[in-house]
Amino acid sequence: MLKKKITIKNKLGMHARAAVKFVNVANRFKSSVKIEKDGNEIDGKSILGILTLAAVQGTEIVLKVSGKDEDKALSALLELINNKFLEKE
Amino acid sequence: MINDKDSLLEVKDFFQKTKNLLKLVSTSGKVGFSRKTDLSSLGKKCLPIQIWGKRNFNGLKSLSFRERKRVLNKKLGDETFCVILADGLRFFPDVIQEAKKRKLPLFVSKLSQKKCREEVKNFVLSLSSHPVKISAGLLQIFGLGVLIMGDSGIGKSECALELISRGYRFVCDDVVILQKKTDNKLVGQAPRLTRNFMEIRGLGIINIREIFGPKSVLKQSRVDLIIRLKKLQKKGGDSDRLGLKFPEDHEILGVKVPRINIPVAPGRNIATLIEVACKVHLLRKKGYLAPQDIVRKVDRVLSSH
């Protein structure tokens, strides 16, 4: 299992459309994706799960990816978050 | 409630939250109200609260002055959180004096010692259960709170939707907040943000309350049974075809809940399977076990030859 701590960088945080983008990327891979915030862990492939995190800008989350394609999945998800969910702002 | 981060309980909070329940009166004013105890280390230990009743009281009364001091020294140690004198008794002056010196809070309660113990235990149980969020769905089927678990994409939501359309009540999907209540039962509810909502691939986000009406949703439910959906393994030779084994226990927050594993495969109607699993569980609780029944019947036929 790969673990990586990351900070949400975009201005609006993990809002609905960002959550959709995240889930779509996560679902491209076979690995399971979990997100941990404040000790709570949710499924990274579920939109409602991500929305309940209510992660605003500056929130630290931990991505936990495990499975055959975990390397690719983690780097793709990190890229998405680091690119601020491809938003213009 | 104390929050997740600090697991310290202060006497002040304890007193405020239990004074009505226990009919507590403080004999020492606000002495020692800042005394703290760590709840995270509790586990099996009970709260370091001394609850004295008639017996302790009479025991103390019969002791000589010096003996009494020795006993008090032991009982009123630094680890003690507070002392509650039950049965409507009053503290001796020397106990009060000793406690004041140690800044130890003293309370008297009109309830019986047994009742006090019970209430304190319940109070501690309610505190020590921090809610947890898990990824699952929660519905009420035949009055049973059923938690549906399984990997993402296995069809939890679709199955929940099918059950809702059959008239069962929906609590939440995807994220469930579970909490242990004082009666040692798990209660699940939806995070406020996503209450009544559900996400179905192909339909997007839907609102169950708006579609099926207010009767179709429940704010919270106890968790009586866990259904775990699993992909059917092709090898699967060791599965319990008779259902002789009792459901395994699944532990959440220290509460054991029976769990039934249901393999998912094309051609298996999961909603119906879950519905029947609930019926089976109810029958089992009543004492009827079909596998045992047939084993007994077969044994009878075999032994008559």
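Residues numbered from 1 in each chain as written. Chains lettered and ligands numbered in written order. Predicted model: local features only at pLDDT ≥ 70, side-chain atom pairs only at ≥ 80, totals over all residues. Heavy atoms only, no water.

A. Inspection of the side chain of Glu199(B) at higher detail. Relative to the assigned elements, Glu199(B) resides in strand E13 (residues 197–200). The buried charged residue Glu199(B) lacks any salt bridge, with Arg201(B) as its nearest oppositely charged partner at 4.9 Å. When near neighbours in sequence (up to four residues on either side) are disregarded, Glu199(B) contacts Ile47(A), Leu48(A), Ser157(B), Asp173(B), Asp174(B), Gly204(B) and Ile205(B). (Helix = DSSP H or I, 4+ residues; strand = E, 2+ residues; numbered from the N terminus. Buried < 20%, exposed > 50% of the residue type's maximum accessible area, 1.4 Å probe, protein only. Lys, Arg positive; Asp, Glu negative; His and termini not counted. Salt bridge = Lys/Arg side-chain N within 4 Å of Asp/Glu carboxyl O. Contact = heavy atoms within 4.5 Å.)

B. A look at the packing of helix H6 (residues 156–165) of chain B against helix H8 (residues 270–286) of chain B. All names here are of chain B. With their axes 9 Å apart at the nearest point, H6 and H8 run at an angle of 65° to one another. When the axes of H6 and H8 are compared, the pair comes out roughly perpendicular. Along this stretch, H6 crosses H8, giving a crossing that reads as right-handed. Two secondary-structure elements touch here, H6 through Cys159, Glu162 and Leu163 and H8 through Ile270, Ala271 and Ile274. (Axes fitted to C-alpha atoms, helices over the stretch in contact; angles between N-to-C directions. Parallel < 35°, antiparallel > 145°, perpendicular 65-115°, else oblique. Left-handed = near helix turned anticlockwise from the far one by under 90°.)

C. Examining the interface of chain B and chain A more closely. On the side of chain A, twelve residues touch chain B, which itself brings 16 residues to the contact. Interface area for chain B against chain A, summed over the two sides, is near 1,200 Å², with a carbon-plus-sulfur share of 60%. Our count for the contact surface shared by chain B and chain A stands at zero salt bridges. The interface formed by chain B and chain A includes one residue pair in polar contact (both at pLDDT 80 or more). Within the residue set of the side of chain B that touches chain A, elements represented by two or more residues are strand E7 (132–135) and E13 of chain B. Within the side of chain B that touches chain A, the residues separate by chemical class into eight nonpolar, three polar and five charged. (Buried area = accessible area lost by both parts, 1.4 Å probe. Polar contact = N/O pair within 3.5 Å; in protein donor to acceptor, adjacent residues only side chain to side chain. Nonpolar A, V, L, I, M, F, W, Y, C, P; charged D, E, K, R; others polar.)

D. Geometry of the sheet that holds strand E2 (residues 24–26) of chain B. All names here are of chain B. Spatial strand order, E2-E6-E5-E4: four strands in an open sheet with mixed pairing. The sheet is open, and its two edges are formed by E2 and strand E4 (49–52), each paired on a single side. The average angle at which neighbouring strand axes cross in this sheet is 25°, direction not considered. For E4 and strand E5 (residues 82–85), the ladder comprises four bridges, and the chain directions are parallel. The residue of E5 that forms the bridge with isoleucine 49 is cysteine 82. (Pairing = 2+ DSSP bridges.)

E. Molecular detail of empty space enclosed by the protein. Residue and element names in this part refer to chain B. Inspection of the entire model under this criterion finds one cavity of 30 Å³ or more. If you go around the largest cavity, you meet 14 residues; those closest to its centre are Gly153, Lys156, Ser157, Asp174 and Arg201. Take the lining of the largest cavity: its biggest share by element is three residues, from H6. (1 Å grid on protein atoms, 1.4 Å probe; cavity = no way out; pocket = protein on both sides within 12 Å on 5 of 7 lines; lining within 4 Å. Points joined across faces, edges and corners; volume = space filled by probe spheres on them.)

F. A look at the confidence of the model for chain B. All names here are of chain B. Overall, the predicted model of chain B reaches an average pLDDT of 83, with 90% of residues at or above 70. Here residues 1–6 is a poorly scored stretch, pLDDT under 50, and it has eleven contacts once near neighbours within four places are set aside; other chains count. Among the prediction metrics, the complex's ipTM stands at 0.80, with pTM recorded as 0.66. (pLDDT = per-residue confidence, 0-100.)

G. View of the environment of Val31(B). Residue and element names in this part refer to chain B. Here valine 31 lies in the loop between E2 and strand E3 (36–38). Each C-alpha atom of the pair valine 31 and lysine 12 lies 9.9 Å from the other, and the pair is 19 residues apart in sequence. Apart from the residues within four sequence positions on either side, valine 31 is in contact with Lys100, Lys103, Leu104 and Pro105.

H. Main features of the pattern of salt bridges. Under the criterion given, the structure shown has 13 salt bridges over all chains. The residue Glu60(A) makes a salt bridge to Lys5(A) at a minimum N-O spacing of 3.8 Å. Taken together, the residues span a long stretch of sequence, with Glu60(A) in strand E4 (residues 60–66) and Lys5(A) in strand E1 (residues 2–7) at a distance of 55 residues. Judged by relative accessible area, Lys5(A) falls into the exposed class, the value being 56%. Arg166(B) is the partner of Glu275(B) in a salt bridge, and the nearest nitrogen-oxygen pair spans 2.5 Å. A residue pair is termed long-range when its members are at least 10 positions apart, and Glu275(B) in helix H8 and Arg166(B) in the loop between H6 and strand E10 (169–172) qualify at 109 residues. On the basis of relative accessibility, which here comes to 18%, the residue Glu275(B) falls in the buried class. Each of Glu36(A), Glu41(A) and Lys64(A) takes part in a single network of salt bridges with overlapping partners.

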